[in-house]
Amino acid sequence: MNYDDLLKGTEITGKSEIPPRPGEAPFATEIYYKKDDLFYGKLHVRKLNNAMYLSVISKIPFNWKQLVGDMKFSGTMVDSAGGLLWLKESEKTLAQDLAYIEQYLTDMKNKDAKNKDSKK
């Protein structure tokens, strides 16, 4: 699996093989990524069935849990808490969700900047 293609548009910062317990064979690969100054996280890919889980941590402080109800992901939201979001993805949905999250956070960042400028 080509992780550069899956995470196109992000910077891959590392990769780890994840065993269920130390000394055992890896059951998953985790690819760490970041997107500019907006967000970072990891893509967790299970070896048995290629199931993919994307963690997203925003660099903009807010609580995902309060916003995900209005968001439209191509993948499936698994969990959200504080600044952490987990999505179940596929090769078909991953790029769409990364682009959606980038646009969402860019809009949020620009809106915050405008609000700060108008208060001066």
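Residues numbered from 1 in each chain as written. Predicted model: local features only at pLDDT ≥ 70, side-chain atom pairs only at ≥ 80, totals over all residues. Heavy atoms only, no water.

- If you look the protein up in an unreviewed UniProt entry, it shows as Succinate dehydrogenase, subunit D from Ferroplasma acidiphilum.

1. Observations regarding the packing of aromatic side chains
The geometry of an aromatic ring pair comes down to the distance between the two centres and the angle between the two planes.
In step 1: If you walk through the whole model with that rule in mind, you get four aromatic pairs.
In step 2: With a centroid separation of 5.8 Å and an interplanar angle of 80°, the aromatic rings of F73 and Y100 are classed as edge-to-face. Here Y100 lies in helix α2 (residues 94-118) and F73 lies in the loop between β4 (52-58) and β5 (76-81), a separation of 27 residues in the sequence.
In step 3: The class of F73 is buried, set by a relative accessible area of 17%.
In step 4: Since its relative accessible area comes to 25%, Y100 is described here as partly exposed.
In step 5: Centre to centre, the rings of Y100 and Y104 are 6.2 Å apart; their planes meet at 35°, and the pair counts as tilted. With Y100 and Y104 both in helix α2 and four residues apart, the pair spans about one turn of that helix.
In step 6: Here the aromatic residues F73, Y100 and Y104 are joined through ring pairs into a cluster of three or more. (Phe/Tyr/Trp six-rings, centres within 6.5 Å; stacked < 30°, edge-to-face > 60°. Helix = DSSP H or I, 4+ residues; strand = E, 2+ residues; numbered from the N terminus. Buried < 20%, exposed > 50% of the residue type's maximum accessible area, 1.4 Å probe, protein only.)

2. A look at the sheet that holds strand β2 (residues 28-35)
In step 1: In spatial order, the strands read β1-β2-β3-β4-β6-β5; together these six strands make up an open sheet with antiparallel pairing. The outermost strands of the open sheet, each flanked by one partner alone, are β1 (11-18) and β5. Looking at each pair of strands side by side, their axes are set apart by 20° on average, direction ignored. (Pairing = 2+ DSSP bridges. Axes fitted to C-alpha atoms, helices over the stretch in contact; angles between N-to-C directions.)

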